Each structure stands twice: as structure tokens, then as C-alpha cells.
Amino acid sequence: MKKWPQEKQVSLFIITLAVLFCFLSCLCFINGIEFKSPEFPERDFDWRVLFVETTELPDGWVLVSGPYSACEASPLGSGCKTYGEYVRYQDENTYCNAKETIYHYMSVSRAYRDFDRLADDEFRDSEHPWDTSIDFGFVSSCAEQIRIACQEDESLSRSTCKFVAQYDEFIVVFDIDRKYLDDEQLVDIFGAVDGRIMSYLD
């Protein structure tokens, strides 16, 4: 068998040591890294205060239940990329129901990027399409992005309106039965939800 020259054996040995040294150095570096869990942007308040208070809604509205985790029920699926909670309200005079869901993202940019997908899912219903052309006069005071639509279900004699809006790192979904509400009352309620958020984020 032909033997390698001594110089080549030495060179191969040096290269092997160099590769081994680089590997061990990388291993030590990786072990020294502290992997931190992503953190929400710092706020000087508990974000759950963004849920509208019943005192800010017209007379007769009460909190029925919540807050509950919105992860499993969200359009984002069981593997939520964010955290969310929802609460339910009811008008004791007309028994109309409303639901507010707030999704809390790790950054404003993530909320911005996910807005269209979440809004598309919220307004997806082939049997009873949502009418996005409706205009009853509501204008948000501080939302970066917003979609508003209403839906008619004649079989259940039900009319529902909903808005999906992005406020900084939050996306808010508010839907309400509007069977007994005129446009002015609906604007007042949407305005109360929007105003509550503006008071903390503005």
C-alpha cells in the first residue's frame, strides 16, 4: 500500500484539528445563548382594560360572561400565533347579544400583517354573505385598519353587524345583533368600543 508523504499526513492532522476546534467552538457558543420567549410590547396597563365597559354602552347592556380564552375559537386555529380573550354582552331590554374579542400580538407589525387573513375569516360565510358596502356613518377615531360589514339571516330573522379593527398590536372584533338597533344606536355602540381603546392607546 502506498503511504502518504509525511508532510501530507501532518497537513491532514492539522486540518482535522482545526475542524474539530471550530465544531467545539460553535457548540460552546450555542450552549451559551440564552433563548428568551417573545414578550408583548410593554404597556403601563393590563390590556384587558380595553374591553368596553357596560357603563359606556347604552342603558340596558350588561356583561353576560367572560373573559374567556379566544384561542380555540379563533380563526387562527388551535395553534394560535397570538393570545386573545373575548367577553359577551346582552341588552336586557331587547335581548340582543354582542361579543368583543381582542387578539394581542407580539408586535404592531405582526398584527398589521395578520389583519387581512383574520378579517377574511371573520367575514367568510357562503350561505349568508356579509355586506361590506353598508355605510351607517361609523368612523373609527384611531384604528390603523378596519373592516365593517353586516349580515342578514332571514331564516332566523337575525341581522348582525361586525367590525374588525387593528389598533397598534391589538386586533379587535366586535359583533352585535342589530335587529332592534337603528343606525344611530349602532354607531354609538361601535363608537364606545373604539373610544375605549383610543383612551388607552392614543
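Notes on the structure in this doc start here.

How each quantity is defined
- Residues numbered from 1 in each chain as written.
- Predicted model: local features only at pLDDT ≥ 70, side-chain atom pairs only at ≥ 80, totals over all residues.
- Heavy atoms only, no water.
- Helix = DSSP H or I, 4+ residues; strand = E, 2+ residues; numbered from the N terminus.
- Buried < 20%, exposed > 50% of the residue type's maximum accessible area, 1.4 Å probe, protein only.
- 1 Å grid on protein atoms, 1.4 Å probe; cavity = no way out; pocket = protein on both sides within 12 Å on 5 of 7 lines; lining within 4 Å.
- Points joined across faces, edges and corners; volume = space filled by probe spheres on them.
- Nonpolar A, V, L, I, M, F, W, Y, C, P; charged D, E, K, R; others polar.
- Pairing = 2+ DSSP bridges.
- Axes fitted to C-alpha atoms, helices over the stretch in contact; angles between N-to-C directions.
- Contact = heavy atoms within 4.5 Å.
- Disulfide = S-S within 2.5 Å.
- Phe/Tyr/Trp six-rings, centres within 6.5 Å; stacked < 30°, edge-to-face > 60°.

As for the environment of Gln90
Topologically, Gln90 is positioned in strand E2 (residues 83–91). By relative accessible area, Gln90 is classed as partly exposed at 24%. Separated by 26 residues in sequence, Gln90 and Val64 place their C-alpha atoms 6.3 Å apart.

Comments concerning the layout of surface pockets
What the largest pocket holds in volume is close to 340 Å³. Lining the largest pocket are 22 residues, with Trp130, Arg158, Thr160, Lys162 and Asp175 sitting closest to its centre. Put simply, the parts of the chain that give the lining of the largest pocket at least two residues each are E2, strand E3 (97–104), helix H2 (108–122), strand E4 (145–153), strand E5 (158–167) and strand E6 (170–177). For the lining of the largest pocket, the residue count by class is 6 nonpolar, 5 polar and 11 charged.

A short note on the pairing of E3
By the criterion of burial, E3 is predominantly enclosed, with 7 of the 8 residues buried. Pairing of E2 with E3, which is carried by 8 bridges, proceeds in the antiparallel orientation. Residue pairing across strands places Tyr89 opposite Ala98, the latter belonging to E3. The turn linking E2 back onto E3 is made up of 5 residues, and Tyr95 within it adopts a positive phi angle of 65°. For E3 and E6, the ladder comprises 7 bridges, and the chain directions are antiparallel. Across the sheet, Lys99 pairs through a bridge with Asp175, a residue of E6.

Considering the sheet that holds E2
Strand order in the open sheet made by the 6 strands is E1-E2-E3-E6-E5-E4, with antiparallel pairing throughout. Each edge of the open sheet carries a strand with a single partner, namely strand E1 (61–69) and E4. On average, each strand axis in the sheet is inclined to that of its neighbour by 15°, with strand direction left out of account. Pairing of E4 with E5, which is carried by 9 bridges, proceeds in the antiparallel orientation. Bridging across to E5, Ile148 finds its partner in Phe163. Helix-sheet contacts for H2 involve E3, E4, E5 and E6, and the interaxial angle to E5 is about 165°.

Let's talk about the state of the cysteines
Inspection of the entire model under this criterion finds 1 disulfide. Between the sulfur atoms of Cys150 and its disulfide mate Cys161 the distance is 1.9 Å. Disulfide Cys150-Cys161: the torsion about the S-S bond is 100°, which places it as right-handed. Of this pair, Cys150 sits in strand E4 while Cys161 is found in strand E5, placing the two residues 11 residues apart along the sequence. As far as burial versus exposure is concerned, Cys150 and Cys161 are alike and both buried.

Overview of the packing of aromatic side chains
Aromatic ring pairs are defined here through the distance separating the ring centres and the angle between the ring planes. Scanning all chains against the criterion turns up 8 aromatic pairs. Where Phe138 meets Phe163, the ring centres are 5.8 Å apart and the plane angle is 25°; that geometry is what we call stacked. Pair noted here: Phe138 is in the loop between H2 and E4 and Phe163 is in strand E5, with a separation of 25 residues, a long-range link. Exposure remark for Phe138: the relative accessible area of 11% places this residue in the buried category. Note on Phe163: relative accessible area 0%, which makes it buried. Ring geometry for Phe138 and Phe190: centres 5.6 Å apart, planes at 80°, overall edge-to-face. Taken together, the residues span a long stretch of sequence, with Phe138 in the loop between H2 and E4 and Phe190 in helix H3 (residues 183–201) at a distance of 52 residues.

Functional significance is not addressed by these values, which are geometric in nature.
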